[in-house]
Amino acid sequence: MTKVKFQKAAVDGFNIFFREAGPKDGPAILLLHGFPSSSHMFRDLIPLLADRFHIVAPDLPGFGQSDMPDHTKFQYSFDNIAKVIERFTEVIGLKKFAVYVFDYGAPTGFRLAVSHPERITALITQNGNAYEEGLSGGWAPIQKYWKDPSKQNRDALRPILLAPEATVWQYTHGVPDMTQVSPDGYALDNYYLARPGMDEVQLDLIGDYKSNVALYPTFQKYFRDHKPPTLAVWGRHDPFFLPSGAEAFKRDNPAAVVNFFDTGHFALETHADEIAVAIRQFLTK
Amino acid sequence: MANDKGDAAPGPTRRAILVNGGVAGSLVALPASGAQPMKTPHPARTPAAIPAIRHKRVQADGVDIFYREAGREDAPVLLLLHGFANSSFYFRHLMPLLADRFRLIAPDLPSFGFTQVPAERHYEFTFASLSRTIAAFVDALGLKRYVLYVFDYGAPVGWDLALAYPDRVAGIVSQNGNAYVEGLGENAWATLRAYWANPKPELREALRDRMTLDGVKAAYFQGVADPNVIEPESYTLDAAILARPGNADLQIDLKLDYKRNIERYPLYQAFFRKYRPPLLVIWGANDLFFTPPGAQAFKRDNPNAVVKFLDTGHFALETHVEDIAAAIRQFLAK
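A short tour of the structure in this document, coming up. In every chain, residue numbers begin from 1 and rise along the written sequence. In the order they appear in the text, chains get letters beginning with A and ligands get numbers beginning with 1. Totals for whole chains, interfaces and linings use every residue, but because this is a predicted model, local features are given only for residues with pLDDT of at least 70 and side-chain atom pairs only at 80 or more, for both listing and counting. Side-chain metrics rest on all non-hydrogen atoms present in the structure, leaving aside hydrogens and water.

1. Description of the overall build of chain A
Then, in step 1: Put simply, DSSP H or I for four residues or longer makes a helix, DSSP E for two residues or longer makes a strand, and each gets a number counted from the N terminus. Helix and strand counts for chain A stand at 12 helices and 8 strands.
Then, in step 2: As defined in this context, the radius of gyration uses C-alpha atoms, and a globule is described by 2.2 Å times the residue total to the power 0.38. Taken against the 2.2 N^0.38 rule, which gives 19 Å for 285 residues, the C-alpha radius of gyration of chain A at 17 Å falls within 12% of a compact globule.
Then, in step 3: Taking the principal axes of its C-alpha atoms as reference, chain A extends roughly 50 × 40 × 40 Å.
Then, in step 4: Using a 1.4 Å probe on the protein chains alone, a residue whose accessible area is under 20% of its type maximum counts as buried, one over 50% counts as exposed, and one in between counts as partly exposed. A burial count over chain A gives 62% of its 285 residues as buried.
Then, in step 5: We call two residues in contact whenever any of their non-hydrogen atoms come within 4.5 Å of each other. Within chain A, contacts between residues separated by at least 24 positions form 77% of all contacts whose residues are at least 6 apart in sequence.
Then, in step 6: Summed over all atoms, the accessible surface of chain A reaches about 10200 Å², with 55% contributed by carbon and sulfur.
Then, in step 7: Here the positive residues are Lys and Arg and the negative ones are Asp and Glu; neither His nor the chain ends is included. The atoms used to mark charge sites are NZ of Lys, CZ of Arg, CG of Asp and CD of Glu. Mean positive and mean negative side-chain charge positions of chain A (29 and 33 charges, respectively) differ by 5 Å. Only the protein chains shown count as covering a residue, and every accessible area follows the Shrake-Rupley method with a 1.4 Å probe.

2. Here's the deal with unusual backbone geometry
Then, in step 1: The omega torsion across phenylalanine 35 of chain A and proline 36 of chain A is -10°, close enough to zero to call that bond cis.
Then, in step 2: With respect to the helices, strands and loops of the structure, proline 36 of chain A is situated in the loop between strand E3 (28–32) and helix H1 (46–49).
Then, in step 3: Note the cis peptide between phenylalanine 84 of chain B and alanine 85 of chain B, where omega equals -5°.
Then, in step 4: Even without glycine at this site, lysine 227 of chain A takes up a positive phi of about 45°.
Then, in step 5: Checked against the element boundaries, lysine 227 of chain A lands in the loop between helix H9 (198–226) and strand E7 (230–235).
Then, in step 6: According to the relative accessible area criterion, lysine 227 of chain A is partly exposed, its value standing at 41%.
Then, in step 7: A positive phi angle, close to 85°, is found at serine 111 of chain B, a residue other than glycine.
Then, in step 8: Given the relative accessible area of 9%, serine 111 of chain B is considered buried.

3. Quick notes on the side chain of glutamate 86 of chain A
Residue and element names in this part refer to chain A.
Then, in step 1: Relative to the helices and strands, glutamate 86 is located in helix H2 (residues 78–91).
Then, in step 2: Only one rule defines a salt bridge in this text: a Lys or Arg side-chain nitrogen within 4 Å of an Asp or Glu carboxyl oxygen. In this structure, glutamate 86 is buried with no salt-bridge partner, the nearest side chain bearing the opposite charge being arginine 119 at 4.9 Å.
Then, in step 3: At 2.7 Å, the side chain of glutamate 86 forms a polar contact with the side chain of serine 115.
Then, in step 4: Glutamate 86 has contacts with Leu112, Ser115, His116 and Arg119, leaving out every residue within four places of it along the chain. Here a polar contact means two N or O atoms within 3.5 Å. Within protein one must be a hydrogen donor candidate and the other an acceptor candidate, and residues neighboring in sequence count only if both atoms are side-chain atoms.

4. As for the pairing of strand E5 (residues 97–101) of chain A
Residues and elements named next belong to chain A.
Then, in step 1: The buried fraction of E5 amounts to 5 of the 5 residues, a majority that puts the element mostly inside the structure.
Then, in step 2: For two strands to count as paired, DSSP must find a minimum of two bridges between them. Looking at chain direction, E3 and E5 are connected through 4 bridges and run parallel. Bridge pairing in E5 links leucine 31 to tyrosine 100.
Then, in step 3: Once you follow E5 into helix H3 (residues 105–115) and on to strand E6 (residues 120–125), the crossover reads as right-handed. Note on handedness: a clockwise path from strand one over the helix to strand two, with the strands aimed away from the viewer, defines a right-handed crossover.

5. Regarding the environment of aspartate 25 of chain A
Then, in step 1: Along the chain, aspartate 25 of chain A turns up in the loop between strand E2 (14–21) and E3.
Then, in step 2: Expressed as a C-alpha distance, the spacing of aspartate 25 of chain A and glutamate 132 of chain A, which sit 107 residues apart in the sequence, is 38 Å.

6. Section: the environment of leucine 256 of chain B
Residues and elements named next belong to chain B.
Then, in step 1: Within the secondary structure, leucine 256 sits in helix H8 (residues 247–256).
Then, in step 2: Taking the C-alpha atoms as reference, leucine 256 lies 32 Å from isoleucine 328; in sequence the two are 72 residues apart.
Then, in step 3: Not counting residues within four places of it along the chain, the set of residues in contact with leucine 256 comprises Leu192, Tyr195, Trp196, Arg204 and Leu207.

7. Quick notes on the nonpolar core
Then, in step 1: What we call a nonpolar core is a set of buried Ala, Val, Leu, Ile, Met, Phe, Trp, Tyr and Cys residues that are connected through their side-chain atoms within 4.5 Å. Grouped together as the largest cluster of nonpolar side chains are 102 residues, with contacts concentrated most on Leu94, Phe137, Tyr149 and Phe298 of chain B.
Then, in step 2: Per-element accounting of this core gives the leading share, 8 residues, to helix H12 (residues 317–333) of chain B.
Then, in step 3: Leaving out residues up to four positions away in the same chain, tyrosine 149 of chain B has contacts with Leu78, Leu79, Leu80, Leu81, Phe91, Leu94, Val173, Gln175, Leu317, Ile324 and Ile328 of chain B.
Then, in step 4: Ala82, Ile85, Phe97 and Phe240 of chain A belong to the second-largest nonpolar core, a separate cluster that totals 63 residues.

8. Side note on the sheet that holds E2 of chain A
Adjacent strands of a sheet pair through backbone hydrogen bonds, lying either parallel or antiparallel.
Residues and elements named next belong to chain A.
Then, in step 1: A sheet is described by the order of its strands in space; here 8 strands give the open sequence E1-E2-E4-E3-E5-E6-E7-E8, paired in mixed fashion. Looking at which strands have only one partner, the edges of the open sheet turn out to be strand E1 (5–11) and strand E8 (257–261). On average, each strand axis in the sheet is tilted by 25° relative to the strand beside it, whichever way the strands run.
Then, in step 2: Strand direction decides the pairing type here: E7 and E8, joined by 5 bridges, are parallel. In the strand pairing of E8, alanine 232 is matched with valine 258.
Then, in step 3: Across the face of the sheet, H2 comes into contact with E1, E2, E3, strand E4 (54–58) and E5 while running at roughly 110° to E1. In this analysis, axes come from line fits to C-alpha atoms, helices being fitted only over the stretch in contact, and the angle between any two N-to-C directions falls in the range 0 to 180 degrees.

9. Notes on helix H7 (residues 164–172) of chain A
Side chains that are three or four residues apart share a direction in an α-helix, a result of its 3.6 residues per turn.
Then, in step 1: Residues of H7 of chain A that are buried: Ala166, Thr167, Gln170, Tyr171 and Thr172 of chain A.
Then, in step 2: Phi turns positive, to about 85°, at glycine 174 of chain A, one or two residues after H7 of chain A.

10. Things to note about the environment of aspartate 44 of chain A
Residues and elements named next belong to chain A.
Then, in step 1: Along the chain, the position of aspartate 44 falls in the loop between E3 and H1.
Then, in step 2: Judged by relative accessible area, which is 28%, aspartate 44 ranks as partly exposed.
Then, in step 3: Aspartate 44 sits 212 residues away from alanine 256 along the chain, and the two C-alpha atoms are 25 Å apart.

11. Digging into the packing of helix H8 (residues 184–193) of chain A against helix H7 (residues 232–242) of chain B
Then, in step 1: Running from N to C, H8 of chain A and H7 of chain B cross one another at 70°; their axes reach a closest spacing of 10 Å. Taken together, the axes of H8 of chain A and H7 of chain B lie roughly perpendicular to each other. Across from Asp184, Ala187, Leu188, Tyr191 and Tyr192 of chain A in H8 of chain A, the residues of H7 of chain B making contact are Glu233, Thr236, Leu237, Ala239 and Ala240 of chain B.
Then, in step 2: Charged residues are taken to be Asp, Glu, Lys and Arg, nonpolar residues to be Ala, Val, Leu, Ile, Met, Phe, Trp, Tyr, Cys and Pro, and polar residues to be all remaining types, Gly included. Of the residues in the contact of H8 of chain A with H7 of chain B, the class split is 7 nonpolar, 1 polar and 2 charged. Roughly parallel refers to an angle under 35 degrees, roughly antiparallel to one over 145, roughly perpendicular to one between 65 and 115, and oblique to any angle outside these ranges.

12. With respect to the packing of aromatic side chains
Then, in step 1: Pairing of aromatic rings covers Phe, Tyr and Trp, the last through its six-membered ring, and needs centres within 6.5 Å; plane angles under 30 degrees mean stacked, over 60 mean edge-to-face, and all others mean tilted. Enumeration according to the criterion identifies 56 aromatic pairs over all chains in this entry.
Then, in step 2: Measuring from centroid to centroid gives 4.9 Å for phenylalanine 74 of chain A and tyrosine 76 of chain A, while their planes differ by 75°, and the two rings are edge-to-face. Each member of the pair, phenylalanine 74 of chain A together with tyrosine 76 of chain A, is buried.
Then, in step 3: When the ring of tryptophan 139 of chain A is compared with that of phenylalanine 241 of chain A, the centres are 5.6 Å apart and the planes differ by 45°; the resulting orientation is tilted. Note that tryptophan 139 of chain A is positioned in the loop between E6 and helix H4 (140–147) and phenylalanine 241 of chain A in the loop between E7 and helix H10 (243–247), a separation of 102 residues in sequence. Across the pair, phenylalanine 241 of chain A and tryptophan 139 of chain A agree in class, each one buried.
Then, in step 4: Both a distance and an angle decide whether a charge sits over a ring: NZ of Lys or CZ of Arg must be within 6 Å of the ring centre and within 35 degrees of the ring normal. One Lys or Arg, arginine 52 of chain A, reaches over the ring of phenylalanine 53 of chain A and ends 5.5 Å from the middle of that ring.
Then, in step 5: A cation sits over an aromatic face here: lysine 255 of chain B above phenylalanine 84 of chain B, 3.9 Å from the ring centre.

Here it is in structure tokens:
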């Protein structure tokens with residue numbers, strides 16, 4: 001069985017938990033999870049790649065086993081999260097790597113790529129959006145908060161974002177065979193979400209998601225100018241990020257490969273095998 | 001075979017059955033009888049697909065039991081019984097390693113994992129109750145023959161199941177699953193023994209520490225050489241479930257009820273003597289709760305018992321899953 005190590009890196013005083021597996025001299029892949037999850041979401045994918053690739057999967061600041069300072073002590077923005085993760089890659093000595101981005105991992109990973117395009121060998125986006133057409137109608141209450149960050153609009157997001165049932169829904173919506181979805185992922189995610197102070201952290205972050213949409217043109221310029229080898233592996237029934245968001249990658253990078261899977265947002269919960277095959281075929285061309 | 005209500009329509013499992021040995025260096029080799037040649041795979045082909053675990057629910061004894069299942073429905077059954085404070089999650093790495101050969105079934109005991117006990121059931125959280133529920137579970141799935149894998153609390157539950165249906169027991173794997181008083185580590189049991197001798201409320205309260213994240217975490221690292229191999233979700237999920245409203249108190253009461261299991265050890269030992277089921281005892285030697293003398297003791301009533309020790313602690317599957325899978329495979333190949 002694949003030997004995975006679980007440890008923490010000290011990144012300028014911030015403790016970042018990460019999973020690591022595979023040959024250190026193999027081609028590296030950085031796996032960036034999303035909301036409300038952690039590197040645990042990659043537990044089925046890692047063994048399918050770690051025979052050949054050096055896999056590193058950190059927990060983003062505020063998530064999982066990484067430090068979660070109070071939102072009055074650390075400004076939870078995607079800029080700040082990306083800075084910590086960029087420093088994390090430097091601290092652990094990752095020089096060149098492919099980056100797999102999912103959900104919040106996308107604005108994080110795309111910022112890394114824009115900041116240091118020479119470090120990025122390939123992009124794998126699994127329901128990681130960079131185009132406005134990918135945003136579903138489900139974003140309406142969030143967009144309302146971006147437009148007017150009132151207490152009322154912020155509070156309206158609590159049941160959508162933070163209720164345990166909302167997490168379960170994200171894992172199960174669009175999944176044809178429910179026996180494939182283990183309750184472990186959402187149970188852990190809900191446990192982390194219930195930590196004191198986590199609600200304000202997450203509300204700050206969803207508020208800052210506005211900055212990601214504002215950066216879409218910058219991300220797209222990076223795709224156009226640098227043409228990183230790009231693979232999109234997309235659960236087509238994702239209620240947040242639509243298939244058109246996946247297809248859009250071909251606009252700025254006509255060579256982008258786009259694959260759809262008959263599942264929802266958390267595609268790895270049901271399609272880790274298929275996604276691993278797609279990644280291997282893509283990276284070993 | 002009884003239908004289970006929670007099942008999706010049966011169909012081919014999406015993932016291929018595991019063929020061990022396809023990837024040099026990262027999978028354990030099969031023993032000689034089933035050996036596959038080690039091949040360097042084409043880089044585009046994944047290591048042989050990992051068999052899927054299915055997540056199901058079934059009603060038994062008025063309880064909504066969650067269980068994990070892997071392997072073909074017509075394969076020999078290996079019934080996996082977890083302990084405190086974990087759940088069927090404990091078997092997440094073991095099940096794919098044996099799913100080519102066995103039908104692995106791992107239920108969550110009431111008050112653990114994702115099993116749900118309705119309040120209207122007025123369930124009594126005692127070991128007698130847990131055992132009745134698991135017997136009902138086995139009947140709900142129509143299981144007529146199985147090898148029992150017992151760990152920690154799964155041991156008294158498994159032993160009770162064996163007493164209830166002795167002819168169904170095809171074999172036993174005890175991984176730190178105790179049945180002899182000499183296995184009870186002196187320091188680890190001191191608080192409980194003090195309470196049993198003198199049931200004072202403050203002694204009961206002293207157990208509350210064990211129901212916290214720090215309390216459960218400590219046991220995972222005890223006796224483990226490299227802390228970086230312990231997956232944090234193991235103890236985190238345990239803590240998440242312990243944190244459910246009312247669960248900590250329930251768990252304290254259940255732990256105090258362990259006295260009943262110790263009193264039944266002679267009954268379990270009589271079963272071993274009478275039936276002499278094939279018995280593999282595979283034990284994390286550094287466990288402070290259930291110590292090596294408890295493992296060796298099985299040979300007293302069952303001289304053919306195979307006893308193996310691993311250099312690890314109580315939660316041996318978290319660190320030595322390949323060794324345990326290989327030992328089970330070899331043991332049951334006979």
